[in-house]
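Structural features, examined
Letter by letter, the chains look like this.
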Amino acid sequence: NENIVDKIVEEFNKPCFLMTVDENNNARCSIRSNDLINVYSVLKENEDWLDDYAIFMSLKEHFGYKPWGEWPTDIRNHKESAIKKYKKELEKSMDLHRFLQFKFDEQFKKVKEYAKNNGIKLIGDVPIYVPQDSSDAWANPENFQLDKDGNPRAVSGVPGDPFNRKQLFYLHLL
């Protein structure tokens, strides 16, 4: 059908920043060049944590998902020279993690808007503690009770009680 071919040609002639392929091998444009301002805006709003998160997730993949405490010493200790080296080496992976956070932000805003328009209130349960193997702990160890090797000096938990004499350790950082 000539009409379908024209539509396909038209679609592929539009500038595209990111082309993705679904499970059926259908290519589609995920971000058009005119959407880049939205991407940039979200990335700029979140730059205070997003770069640390992007490199952390890229390093997790690079090192076979081992906890950051098992990474080579230079990157485990967040040495600037190691950060520069891995940022260059893992640039595409970092871009993917930034993009995934952009897509989450975009989708979550749509969910919130839908909920608001339909009289649904979203209530969140915000965690108070973060896990040891997190970008927050790796990038900002001074904010947590960690020893020089990045191991926790104290973790969250609750004491035993008459119903359960064992202490429960949640292993979240303090």
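Thresholds, definitions, all that
Residues numbered from 1 in each chain as written. Predicted model: local features only at pLDDT ≥ 70, side-chain atom pairs only at ≥ 80, totals over all residues. Heavy atoms only, no water. Salt bridge = Lys/Arg side-chain N within 4 Å of Asp/Glu carboxyl O. Helix = DSSP H or I, 4+ residues; strand = E, 2+ residues; numbered from the N terminus. Buried < 20%, exposed > 50% of the residue type's maximum accessible area, 1.4 Å probe, protein only. pLDDT = per-residue confidence, 0-100. Core = buried A, V, L, I, M, F, W, Y, C linked by side-chain atoms within 4.5 Å. Contact = heavy atoms within 4.5 Å.

Describing the pattern of salt bridges
In total, this model carries seven salt bridges according to the counting rule given. Glu47 serves as the salt-bridge partner of Lys44, at 3.3 Å between the closest nitrogen and oxygen. The salt bridge involving Lys60 is made with Asp133; its shortest N-O contact spans 2.4 Å. Here Asp133 lies in the loop between α6 (91–117) and α7 (135–139) and Lys60 lies in helix α3 (residues 47–62), a separation of 73 residues in the sequence. For Lys60, a relative accessible area of 9% puts it in the buried group. Shared partners join several salt bridges into a network, and the residues in it are Asp51, Asp95 and Arg98.

Let's talk about the confidence of the model for the protein chain
Averaged over all residues, the pLDDT of the protein chain equals 82, while 77% of them reach at least 70. Least confident of the elements in the protein chain is helix α1 (residues 2–13), whose mean pLDDT is 56; most confident is helix α5 (residues 80–89), at 96.

Let's talk about the nonpolar core
Counting residues in hydrophobic clusters, the biggest one holds 19 residues, and the most contacted among them are Ile55, Leu59, Trp68, Trp71, Ile75, Tyr86 and Trp138. Secondary-structure elements contributing two or more residues to this core are α3, α5 and α7. In terms of residues, this core owes the most to one element, α3, which gives four residues. With near-sequence residues (within four places) excluded, Ile75 lies in contact with Leu59, Phe63, Ala82, Ile83, Tyr86 and Trp138.

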